[in-house]
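A structural walkthrough
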Amino acid sequence: QVQLVESGGGLLQTGGSLRLSCAASGGTFNRYAMAWFRQAPGKEREFVARISRSGGQTYYSDSMKGRFTISRDNAKDTVYLQMNSLRPEDTAVYYCAADRSYSVNYAPSEYDYWGQGTQVTVSS
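Presented here is an overview of the structure given in this document. Note that this is a predicted model, so its numbers are computed, not measured.

Quick word on the overall build of the protein
- Summing up its helical and strand segments, the protein has zero helices and 11 strands in all.
- The linear arrangement of helices and strands in the protein, starting from the amino end, is β-β-β-β-β-β-β-β-β-β-β.
- For a compact globule of 124 residues, the expected C-alpha radius of gyration is about 14 Å, and the protein comes in at 13 Å, within 12% of that figure.
- For the C-alpha atoms alone, the extent of the protein along its principal axes is close to 40 × 25 × 25 Å.
- Taking all 124 residues of the protein together, the buried fraction comes to 43%.
- For the protein, contacts bridging at least 24 residues in sequence account for 58% of all contacts bridging at least 6.

A look at the sheet that holds strand β3 (residues 18–25)
- Taken together, four strands build an open sheet; the order of strands is β1-β3-β8-β7 and the sheet is antiparallel. Each having just a single partner strand, β1 (3–7) and β7 (68–73) make up the two edges of the open sheet. Strand-to-strand twist in this sheet, taken as the mean axis angle between neighbours without regard to direction, amounts to 15°.
- Bridge count for β1 against β3 is five bridges, and the pairing is antiparallel. Bridge assignment links L4 to a residue of β3, and that residue is A24.

What about the pairing of strand β8 (residues 78–83)?
- Burial within β8 is extensive, with five of its six residues counted as buried.
- Sheet topology places β3 next to β8; six bridges connect them, and they run antiparallel. Each bridged residue has a counterpart across the sheet, and for L20 the counterpart in β8 is L81.
- For β7 and β8, the ladder comprises six bridges, and the chain directions are antiparallel. Considered in β8, the bridge of S71 is made with Y80.
- Where β7 folds back on β8, the antiparallel hairpin that results is connected by four residues, among which D77 adopts a positive phi of roughly 55°.

What to know about unusual backbone geometry
- Positioned with a positive phi, D77 is a non-glycine residue whose angle comes to about 55°.
- Structurally, D77 can be placed in the loop between β7 and β8.
- Judged by relative accessible area, D77 falls into the partly exposed class, the value being 28%.
- In this model, S85 sits at a positive phi of 50°, which is unusual for a non-glycine residue.

A look at the state of the cysteines
- Taken as a whole and assessed by the stated rule, the structure comprises one disulfide.
- Each disulfide pairs two cysteine sulfurs, and for C22 the partner residue is C96, the sulfurs being separated by 1.9 Å. On the S-S bond that ties C22 to C96, the torsion sits near 50°, and the link is right-handed. With C22 in strand β3 and C96 in strand β9 (residues 92–99), this residue pair connects regions lying 74 residues apart in the sequence.
- Given the relative accessible area of 0%, C22 is considered buried.

How each quantity is defined
Residues numbered from 1 in each chain as written. Predicted model: local features only at pLDDT ≥ 70, side-chain atom pairs only at ≥ 80, totals over all residues. Heavy atoms only, no water. Helix = DSSP H or I, 4+ residues; strand = E, 2+ residues; numbered from the N terminus. Rg over C-alpha atoms; globule rule 2.2 N^0.38 Å. Buried < 20%, exposed > 50% of the residue type's maximum accessible area, 1.4 Å probe, protein only. Contact = heavy atoms within 4.5 Å. Pairing = 2+ DSSP bridges. Axes fitted to C-alpha atoms, helices over the stretch in contact; angles between N-to-C directions. Disulfide = S-S within 2.5 Å.

Structure (structure tokens):
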């Protein structure tokens, strides 16, 4: 099993910034495309961003485009999510996920490994 551990969540006010990290172990990190999802109470898990194995291609949900940036450091086996201009509706548990497929997947069911999530709470 590939293990993914998220960190960096917290409580902040509207307009603030936060950087989430996801550290991977138990596999060859650069064999996986990586993604971030989020899930708010009472809602389904939502796609946020995806990054290719080399980091050369990134994909975003329209609601996150321009505010969030996904990146990866393969030397550190870590993927990041930089979040700017945060709003209360961004409040959710944020999860990282790994995908062995070369398809650009947006559905949670297509991902092979998941972290346990980190809470992000944005207050007004």
